[in-house]
Amino acid sequence: MALKCGIVGLPNAGKSTLFNCLSSARAQAANFPFCTIEPNVGIITVPDERLVKLSEIDKPERTIPATIEIADIAGLVKGASKGEGLGNKFLANIRETDAIIHVLRCFDDENVTHVYGSVDPVRDKEIIDTELQLKDLETVESRIAKIYKQAQTGGDKQAKRMNDILVRYKNALEQGKSARTVHFDNREDRKLADGLFLLTDKPVLYVCNVDEKSALNGNACVDMVCEAIKDEDAQILTVAAKTESEIAELETYEDRKMFLAETGLTESGVSRLIRSAYQLLNLETYFTTGQDESRAWTYRRGTKAPQAAGIIHTDFERGFIRAEVIKYDDYVALGSESACREAGKISIEGKDYVVQDGDIMHFRFNV
């Protein structure tokens, strides 16, 4: 599965600068609102030292890391849900993403204008939240209008179930709450709710964009955001996007590492952001490796072996027989699959096996 994230925020919050750091694409980053007038989509490779090590051991023809797809849209402003600015035009591009990266401006710079004249990340957050909530309310009310009569007749139980879900969302959104505050105990209800692709139902990673001197310990603006989101089930990350963009331009790993050391950081904001996104969505990684290919595969925590096999190909899940599993540490210590087999370090697992982060897997199937 490829993780998809959408970046939102006010104009000049640093969204496009962050996007440029994250992906191989190069969005325009200029000092005026709405410089991103076409949705930018980039692909990030997920850094994983374990995959590097497996590749060193097996020396495969190709090494394929996991990836994340990032969509950057035009800056949203107050009234975007009603057509103000350009952001509303592009909200559809992030509707089917797995998570939202909400960039908040937490730096002062007289050379970079603020669309509302002052730096206040909590106010900015509330503006974006409101616009996304209003857009979701528009979606919910439209669906209710279409399904209400079907639900009232009593013959269509699925329609009634969906109508009840929509009403719960409508009540929350009208109170200024995000859709993610509505919880469903029933798995079927949760599945129907997911099919609505509501913007405020997605997990959120708040990225506080700071200046270089605040990259390590944050600043007062970051503290304000931490306080504002303390009751939300969300993650927060402090990143100096401008500094990160300078790091991204360096050609060698050694140069980038030296630059980080000078700022007091042990790893780049890009790596920290990717790890935070994985934690936010309960994602983990298993590997397949051999002479042909070493590859990382992303799955949700709690996934069982047949479903993990299906990530590679649906036939693997449909005809699943068993999984041969080697623990990463054993593979590295012994140096090959054959050595692990001789040492009895390969376990044979069936349909109920829950895949563990770092597992090296080989699936047996028959279709």
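Check the entry above for the structure.
Residues numbered from 1 in each chain as written. Predicted model: local features only at pLDDT ≥ 70, side-chain atom pairs only at ≥ 80, totals over all residues. Heavy atoms only, no water.

J.: Outline helix α4 (residues 121-153), listing residues and values.
T.: Over its 33 residues, α4 extends 48 Å from the first C-alpha to the last, a length consistent with the 48 Å expected when each residue adds 1.5 Å. Approximately 45 degrees is the largest bend angle found in α4, and it occurs at Ile147. (Helix = DSSP H or I, 4+ residues; strand = E, 2+ residues; numbered from the N terminus. Expected span 1.5 Å × (residues − 1). Bend = angle between axes of the 7 residues up to and from the residue.)

J.: Lay out the packing of aromatic side chains with the relevant residues and their values.
T.: The way to describe two aromatic rings as a pair is by their centre distance and the angle between their planes. Within the structure shown, the criterion is met by six aromatic pairs. Plain terms: the ring middles of Tyr286 and Phe363 are 5.9 Å apart, the flat faces sit at 85 degrees to each other, and that makes the pair edge-to-face. Pair noted here: Tyr286 is in strand β8 (residues 283-289) and Phe363 is in strand β12 (residues 360-365), with a separation of 77 residues, a long-range link. A single burial state applies to Tyr286 and to Phe363, both of which are buried. Taken together, the aromatic side chains of Tyr286, Trp297, Tyr299, Phe320 and Phe363 make up a single cluster linked through ring pairs. (Phe/Tyr/Trp six-rings, centres within 6.5 Å; stacked < 30°, edge-to-face > 60°. Buried < 20%, exposed > 50% of the residue type's maximum accessible area, 1.4 Å probe, protein only.)

J.: Lay out the layout of surface pockets with the relevant residues and their values.
T.: In this approach the atoms are scanned with a rolling probe the size of a water molecule, which exposes any empty space left behind. Taken as a whole, the largest pocket holds about 1400 Å³ of empty space. As for the largest pocket, its lining consists of 37 residues, and the residues nearest its centre are Arg180, Arg190, Asp201, Lys202 and Pro203. Looking at the lining of the largest pocket, the elements with two or more residues in it are α4, α6 (187-194) and α10 (269-280). Tallying contributions element by element places α4 first for the lining of the largest pocket, with six residues. (1 Å grid on protein atoms, 1.4 Å probe; cavity = no way out; pocket = protein on both sides within 12 Å on 5 of 7 lines; lining within 4 Å. Points joined across faces, edges and corners; volume = space filled by probe spheres on them.)

J.: So, the packing of helix α5 (residues 157-174) against α6: which residues are in play, and what are the values?
T.: Following both chains from N to C, one finds α5 and α6 inclined at 70 degrees, their axes separated by 10 Å at the closest point. The angle between α5 and α6 falls in the class roughly perpendicular. Each of Gln158, Arg161, Met162, Ile165 and Tyr169 in α5 lies in contact with α6, whose residues at this interface are Glu188, Asp189, Arg190, Leu192 and Ala193. For the contact of α5 with α6, the per-class residue count stands at five nonpolar, one polar and four charged. (Axes fitted to C-alpha atoms, helices over the stretch in contact; angles between N-to-C directions. Parallel < 35°, antiparallel > 145°, perpendicular 65-115°, else oblique. Contact = heavy atoms within 4.5 Å. Nonpolar A, V, L, I, M, F, W, Y, C, P; charged D, E, K, R; others polar.)

These figures capture arrangement, not role.
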